Amino acid sequence: MFDARSLAGLIATHSHEQVVFVADAESGLRAVIAIHSTALGPSLGGVRFWHYEDESAAVLDAIRLSEAMSFKASAAGLHVGGGKAVVMLAEPFAPHPDGMLRALGRAIDDLGGRYLAAEDVGATPHDMDVIATETRWVTGVDRGRGGSGDPSPMTAFGVLCGMHAACSTVFGSRTLTGRHVVIQGAGHVGAELARLLVALDARVSVADVDERRVAALVGELGVAALPSEAVFDTSGDVFAPCALGGALNDETVPRLQFPIVAGAANNQLAHPEIDDVLVGRGILYAPDFVINAGGIINLAAEFTGYDAEVALRDTARIELRTGQIFAEARNQGIAPGRAAERFARERIKREALPGGRFRPGDATAWTNGLPLTRLRPNT
Ligand code: NAI
């Protein structure tokens, strides 16, 4: 557990603008909302429902995740910043009482649009609808109501773009045709990525701890199945981590037999030095927050009236951007993950709003001058 001094120190170390504790006696809500940066626009990030060991763990999670969102949004060229809300629950996947969701909605509303909520682990579309009864600052509208819908296909497309950039750098050709890609995690993004790769005539192998998901993809696409523990003892052209964070760690990286790592999972590096270890092993790592930004690009496209073509076009830019980051890493003699963070930080500095932060009321600041059309309509 932190004492108040170390907590303030933690917030200062990561340069957060604001960390808000939320509690509601009646509904039992216990939550933390972290706003890392609004220098480029209001902070955007998911609401995560999770079981934490203690409050310190929840605060740390909110702090780290919101900082990562700032880098992701900045590298994606968006006019939003990074934020995150975490709700502490003993049973995060049990239905969430409406009273608790409404209390959270009121807390989000009090922030006046400096934090825009979206779905994250443990959240359902129903949860977001209930939160939206108390605040308009909720994104992620389903397709049926003119919104952006499930972000996973766009995330998978962005990852594919990042893979093309990595292939250009390593093989001198962007093509994935005939390349062997091993996907760890056959969930929403992993399955969609497999479909895109098969359509390009890549050779695809898939592993998941849930064997039914692998079997479904084998049946649908004719991909090869791998036991989940075998991915680090298999060779191929591209390893695509699409399961949980921390896949690249001190134990797994020495075993990796791929010249490229490019996948969707957030926080793939167990610690920052893994970036350098990968360079040392001659493996090109496509920074996770750069290539998995398709989902947030898709979400941000809602603000001015969702247009799938625009979202697709903006996501396709990931290929060029990833290539630029590889080139910068090479020129500066640093690992790609570090180059990506530098790239994101520099844009935040260069393009910061007057005063360095977003103030409620200035909607055009975060739509790059375009008129704001909608957030989530009240239901
Ligand atoms: P998901 O929950 O649909 O799929 C994850 C899959 O990984 C599940 O099938 C699970 O069984 C499997 N898995 C868990 N541990 C594993 C292991 N050790 N080995 C093999 N498989 C394992 O999640 P989703 O939405 O596909 O996201 C995948 C990753 O991408 C997550 O890290 C997520 O944070 C990240 N991400 C997702 C975005 C989206 O648009 N859905 C956007 C940006 C990042």
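Residues numbered from 1 in each chain as written. Predicted model: local features only at pLDDT ≥ 70, side-chain atom pairs only at ≥ 80, totals over all residues. Heavy atoms only, no water.

Draft legend 1. Looking closely at the nonpolar core. Counting residues in hydrophobic clusters, the biggest one holds 89 residues, and the most contacted among them are Val47, Tyr115, Met163, Ile183, Leu193 and Leu197. At eight residues, helix H5 (residues 152–171) tops the list of elements feeding residues into this core. Core analysis: the second largest hydrophobic core is formed by 17 residues, Val182, Phe239, Leu256 and Ile274 among them. (Core = buried A, V, L, I, M, F, W, Y, C linked by side-chain atoms within 4.5 Å. Buried < 20%, exposed > 50% of the residue type's maximum accessible area, 1.4 Å probe, protein only. Helix = DSSP H or I, 4+ residues; strand = E, 2+ residues; numbered from the N terminus.)

Draft legend 2. How the structure looks around the environment of Asp233. Considering the arrangement of structural elements, one finds Asp233 in the loop between strand S8 (224–226) and strand S9 (238–241). By relative accessible area, which is 48% here, Asp233 ends up partly exposed. Along the primary structure Asp233 and Pro151 are separated by 82 residues, whereas in three dimensions their C-alpha atoms are 31 Å apart. Ignoring anything within four residues of it in the chain, the contact list for Asp233 reads Arg255 and Gln257. At a separation of 2.9 Å, a polar atom in the side chain of Asp233 contacts the side chain of Arg255. (Contact = heavy atoms within 4.5 Å. Polar contact = N/O pair within 3.5 Å; in protein donor to acceptor, adjacent residues only side chain to side chain.)

Draft legend 3. Broad picture of the sheet that holds S8. The strand order across the open sheet built from six strands is S8-S7-S6-S9-S10-S11, with neighbouring strands paired in parallel fashion. Looking at the sheet topology across the chains shown, the edges are occupied by S8 and strand S11 (284–285). Where strand S10 (residues 260–261) meets S11, two bridges bridge the pair, whose relative direction is parallel. Within the sheet, the bridge partner assigned to Val261 lies in S11 and is Tyr285. (Pairing = 2+ DSSP bridges.)

Draft legend 4. Highlighting the side chain of Asp275. Within the fold, Asp275 resides in helix H8 (residues 274–280). The buried charged residue Asp275 lacks any salt bridge partner; its closest oppositely charged side chain belongs to Arg338, at an N-O distance of 4.6 Å. One polar contact links the side chain of Asp275 to the main-chain amide nitrogen of Arg338, over a distance of 2.9 Å. Aside from chain neighbours lying at most four places away, what touches Asp275 is Leu269, Tyr285, Ala335, Pro336, Gly337 and Arg338. (Lys, Arg positive; Asp, Glu negative; His and termini not counted. Salt bridge = Lys/Arg side-chain N within 4 Å of Asp/Glu carboxyl O.)

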